[in-house]
Amino acid sequence: MRTLPIEPAGTPLPDSNEERPPLIRRTEVVAFALVALLIVVITGLLYVAKPFFLPIVTAFVVGTMLSPAATYMERWRIPRAVCAVLIVGVALITVGFMVALISVPLIEWSSRLPELGGLLREKLSFLERPIGLWRQLQASIGGSEALPSSPIQMPQIDWMQPTLEFVSPTLTEFLLFLVTLVLFVASWKDLRRALVMNFGGRDARLRTLRILNEIELSLGGYLLTVTTINLCYGAATGVICALAGMPNPAGLGALAAILNFIPIIGPSVMFIVLTLVGIISMPTLGEGLIGPLGFALLTFVEGHFITPTIIGRRLELNALAVFIALAFWTWLWGPMGGFLASPLLIVGLVMKEHLLPEDAPHLPGNET
């Protein structure tokens, strides 16, 4: 029997002839780190410079949505600048009318906050004991020991000022948005031509032109479809509120139509508003919940059947991607960021389809 020679301790092993490349190369790690650093820097810049970038980006997105309408009006020999002014003016009048429907009851209810707060505490008095027990439990495990006399407390008028500052833009931001929007719609054809001609190769020019055309058509179709759905959604909400006997159903329907432009967050806020209005305005708690429950059923049908059937098949937006984009842009830019989340996601998907190769590698064993 042959025995192998015993190597002394500390003798290095011979190199293997088999070449095994590393799973992740150093250049890939450096590239990934640089891209991550660039994303962090851009995100911080967008967050810090929100008063400048938010109106500009919003004007670009909305202007791209409205450009097909301006192109259609040009066929009737109307100058592009006149088309831009007319389209933006009609859009502002429509938004102003919707805001007027909402502002009248909002101002009236804001002046009656103390009275409405007392009425709400009275109707929700059955919740005082569970809330009191919960606060006692918090105090027993190290929370605040000072418990208020009334567990259900209404917020004071102080909350209105920061809320309005968060929701509504400043006059400077609005003027910047308005002027940029008009100029963008008026000069979009020249801007697109200049952007396409900036590339030297014919293939690069054709690819850029296809990307811009598809972005314009996708965003224009998205705006038209979502606006139509939301108007019908608001009208249906108004009918539900009227049948439930709730006050000012037209204003509530207009509020539902506007909030539905912000996915997930808008309907959730609207449900809370309808619940509070129903509890306060109706004589019993059961009658007050009829309107919110009807709205919840409407939202379920609209969110799971109507909108996915009309928009989902056309744009193929992934629900998880929409939710992540909504959370990110809402954190970054507030409610307007939530409005821009889906359009910006559409722009990203269009650019991905044209810039990234279609032949993606497949995992082994997934062939069908």
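Residues numbered from 1 in each chain as written. Predicted model: local features only at pLDDT ≥ 70, side-chain atom pairs only at ≥ 80, totals over all residues. Heavy atoms only, no water.

Trainee: A description of the overall build of the chain should follow, citing residues and the corresponding values.
Mentor: Scanning the chain from terminus to terminus reveals 13 helices and 0 strands. Going residue by residue from the N terminus, the α and β elements of the chain occur as α-α-α-α-α-α-α-α-α-α-α-α-α. Relative to its full complement of 368 residues, the chain shows a buried share of 32%. Counted over contacts in the chain with a minimum sequence separation of 6, partners at least 24 positions apart contribute 72%. As displayed, the chain offers around 24400 Å² of accessible surface, 70% of which is attributable to carbon and sulfur atoms. (Helix = DSSP H or I, 4+ residues; strand = E, 2+ residues; numbered from the N terminus. Buried < 20%, exposed > 50% of the residue type's maximum accessible area, 1.4 Å probe, protein only. Contact = heavy atoms within 4.5 Å. Areas by Shrake-Rupley, 256 points an atom, 1.4 Å probe, with all protein chains shown as cover.)

Trainee: An account of the environment of S281 is requested, with residue identities and associated values reported.
Mentor: The topology assignment puts S281 in helix α10 (residues 265-281). Along the chain, S281 and L119 lie 162 residues apart, while their C-alpha atoms are 9.2 Å from each other.

Trainee: Tell me about the packing of aromatic side chains, and please be specific about residues and values.
Mentor: If you walk through the whole model with that rule in mind, you get 9 aromatic pairs. With centroids separated by 5.3 Å and ring planes inclined at 45°, the aromatic side chains of W329 and W333 adopt a geometry described as tilted. Of this pair, W329 and W333 both sit in helix α13 (residues 319-355), 4 residues apart, roughly one helical turn. A single burial state applies to W329 and to W333, both of which are buried. Cluster of aromatic residues (ring-pair linked, three or more members): Y47, F328, W329, W331 and W333. (Phe/Tyr/Trp six-rings, centres within 6.5 Å; stacked < 30°, edge-to-face > 60°.)

Trainee: Describe the nonpolar core, naming the residues involved and giving the relevant values.
Mentor: Residues M65, L181, I215, L219, W329, W333 and L340 are the most contacted members of the largest nonpolar core, which totals 36 residues. With 11 residues, the top contributor of residues to this core is α13. Those residues in contact with L340, other than ones at most four positions away along the chain, are L54, V57, T58, V61 and W333. M98, L252, L255 and L259 belong to the second-largest nonpolar core, a separate cluster that totals 17 residues. (Core = buried A, V, L, I, M, F, W, Y, C linked by side-chain atoms within 4.5 Å.)

Trainee: Which residues make up the packing of helix α2 (residues 50-74) against α13, and what values do they have?
Mentor: Across the interface, α2 lies against α13 with an axial gap of 11 Å and an inter-helix angle of 30°. Considering the angle they form, α2 stands roughly parallel to α13. Judged by the twist between their axes, the crossing of α2 over α13 is left-handed. Contact residues: K50, F53, L54, V57, T58, V61, V62 and M65 in α2; L332, W333, M336, F339, L340, P343 and L344 in α13. Tallied by class, the residues present in the contact of α2 with α13 amount to 13 nonpolar, 1 polar and 1 charged. (Axes fitted to C-alpha atoms, helices over the stretch in contact; angles between N-to-C directions. Parallel < 35°, antiparallel > 145°, perpendicular 65-115°, else oblique. Left-handed = near helix turned anticlockwise from the far one by under 90°. Nonpolar A, V, L, I, M, F, W, Y, C, P; charged D, E, K, R; others polar.)

Trainee: I'd love a proper account of the pattern of salt bridges, names of residues and values included.
Mentor: This structure, assessed with the given rule, holds 4 salt bridges. Measuring nitrogen to oxygen at the nearest pair gives 3.1 Å for the salt bridge that ties E74 to R80. Close ionic contact of R192 with E216 constitutes a salt bridge, the shortest N to O distance being 3.0 Å. With R192 in helix α7 (residues 171-197) and E216 in helix α8 (residues 202-243), this residue pair connects regions lying 24 residues apart in the sequence. (Salt bridge = Lys/Arg side-chain N within 4 Å of Asp/Glu carboxyl O.)

Trainee: An account of helix α9 (residues 249-259) is requested, with residue identities and associated values reported.
Mentor: Because an α-helix packs 3.6 residues into every turn, residues spaced three or four apart end up facing the same way. Counting buried positions along α9 gives 8 out of 11 residues, so the element sits mostly inside the fold. Burial in α9 covers these residues: G251, L252, G253, A254, L255, A256, A257 and L259.

Trainee: Outline the packing of α8 against α13, listing residues and values.
Mentor: Where α8 contacts α13, the axes come no closer than 10 Å and their chain directions differ by 150°. Judged by the angle between their axes, α8 and α13 are roughly antiparallel. In terms of crossing hand, the pair formed by α8 and α13 is right-handed. The segment α8 lies against α13, with R207, R210, I211, E214, I215, S218, L219 and Y222 engaging S342, P343, I346, V347, V350, M351, E353, H354 and L355. When the residues that make up the contact of α8 with α13 are grouped by side-chain class, the tally is 10 nonpolar, 3 polar and 4 charged.

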